[in-house]
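Coordinate analysis (summary)
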Amino acid sequence: MAALALQVYGQIKTSQAQAAVMRQNAQIAQRDAIVQQQTATYNAQVLEIEAKQAEQIASYNAQVLENEALASEQRSKFQRDAARRDAARLRGEQSSLYGFSGVQLTGSAIVVEADSEFMAEANEANIMSLGEMDAYKFRQQATMQNYQAGIEAGRYRSSASETIRQGTIAGQALTSQAGISNFQ
């Protein structure tokens, strides 16, 4: 009988020791679940910050490109005005030379002057067209910057959501493990 009592006493002590180990494992699993959730939240916040930075950088770059577009338009207007002045000066010189030489502004002289006028207008239109094409190019680049930043920010936000999801799953698994350890 004493042997049986000693055996029962040993089993009780073993069970108590196992229960203590299970409680300790449950506490560790609970702490791990909390750490897992906190880590996931932190990583998601970092990814969200990176998404915002990508958007801010793209916004800045787009503004720089818009400024380049405006500068291109202003340059082309300045060049057009300079070309107009040069063309007006040329026509004035032609008229004065015709007048000085006694040529009447009829026939081929008027054709030359009309041709000069046409070429001046074509040159002005070309200058404006080139400026508008450059401005368009800069604006398209700005649009592309914003589009790519949206994609990049979306990736960061998607990664942030996935990080939170993975952290939640891991935390729930550890919490379940802790519950099982407590139950056992």
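Before reading further, recall that the structure is shown in the block above.
First, a word on what this report is: a plain description of the structure on this page. (Residues numbered from 1 in each chain as written. Predicted model: local features only at pLDDT ≥ 70, side-chain atom pairs only at ≥ 80, totals over all residues. Heavy atoms only, no water.)

**Concerning the overall build of the chain**
Here is the rule: Secondary structure elements are taken from DSSP: a helix is a run of H or I of four residues or more, a strand is a run of E of two residues or more, and numbering for both begins at the N terminus. Note that the radius of gyration is over C-alpha atoms, with the globule rule given as 2.2 Å times the number of residues to the power 0.38. Relative accessibility decides the category of a residue: with a 1.4 Å probe and only protein chains considered, values under 20% of the type maximum give buried, values over 50% give exposed, and everything between is partly exposed.
What the chain contains, in helices and strands, is two helices and zero strands. A compact globule built from 184 residues should have a C-alpha radius of gyration of about 16 Å, whereas the chain, at 41 Å, is more than 25% larger. Along the three orthogonal principal directions, the C-alpha set of the chain runs to about 150 × 20 × 15 Å. Within the span of the chain, comprising 184 residues, buried residues form 21% of the whole.

**Topic: the packing of aromatic side chains**
Cut-off, in case you're wondering: Pairs were defined over the aromatic rings of Phe, Tyr and Trp, the Trp ring being its six-membered one, requiring ring centres within 6.5 Å. Orientation was assigned from the angle between planes: stacked under 30 degrees, edge-to-face over 60, tilted for the rest. We count a charge as sitting over a ring when the NZ of a lysine or the CZ of an arginine lies within 6 Å of the ring centre and within 35 degrees of the ring normal.
Counting across every chain of the model gives zero aromatic pairs. Stacked on the ring of Phe138, the Lys or Arg Lys137 has its end atom at 5.0 Å from the ring centre.

**Notes on the nonpolar core**
So the rule is basically this: Within this scheme, the nonpolar core is defined by two criteria: the residues are buried Ala, Val, Leu, Ile, Met, Phe, Trp, Tyr or Cys, and they are joined through side-chain atoms within 4.5 Å.
Core analysis: the largest hydrophobic core is formed by six residues, namely Ala62, Leu65, Ala69, Ala135, Phe138 and Ala142. Those elements giving two or more residues to this core turn out to be helix H1 (2-101) and helix H2 (108-183).

**Quick look at the pattern of salt bridges**
Filter applied, for reference: Salt bridges, as used here, are contacts in which a Lys or Arg side-chain nitrogen is within 4 Å of a carboxyl oxygen on Asp or Glu.
In the structure shown here, the tally under the stated rule is nine salt bridges. Of the charged contacts in the structure, one is a salt bridge between Arg89 and Asp86, with a shortest N-O distance of 2.3 Å. In this pair, Arg89 and Asp86 both sit in helix H1, three residues apart, roughly one turn of the helix. According to the relative accessible area criterion, Arg89 is partly exposed, its value standing at 47%. Residue classification places Asp86 among the partly exposed residues on the basis of a relative accessible area of 41%.

**Brief notes about the side chain of Glu124**
This is how it is decided: Whether two residues are in contact is decided by their heavy atoms, any of which lying within 4.5 Å being enough.
Looking at the element boundaries, Glu124 is found in helix H2. When sequence neighbours within four positions are dropped, the list of residues in contact with Glu124 reads Arg80, Ala83 and Arg84.

**Things to note about the side chain of Ser72**
Relative to the helices and strands, Ser72 is located in helix H1. Those residues in contact with Ser72 that sit more than four places away from it in its chain are Gly131, Asp134, Ala135 and Phe138.

**Observations regarding the environment of Tyr136**
In this structure, Tyr136 sits in helix H2. Residue class for Tyr136 comes out exposed when judged on its relative accessible area of 54%. In sequence terms Tyr136 and Leu70 are 66 residues apart; their C-alpha atoms lie 9.9 Å from each other.

**A few points about a nonpolar patch on the surface**
Filter applied, for reference: Patch building starts from residues that exceed 30% relative accessible area and form no salt bridge, then joins like charges within 9 Å and nonpolar side chains (Val, Leu, Ile, Met, Phe, Trp, Tyr) within 5 Å. Working definition of accessibility: Shrake-Rupley area with a 1.4 Å probe, residue cover restricted to the visible protein chains.
A contiguous nonpolar patch, built from Met1, Leu4, Val8 and Ile12 and spanning about 430 Å² of accessible area, is present on the exposed surface. With relative accessibility at 42%, the residue Ile12 sits in the partly exposed group.

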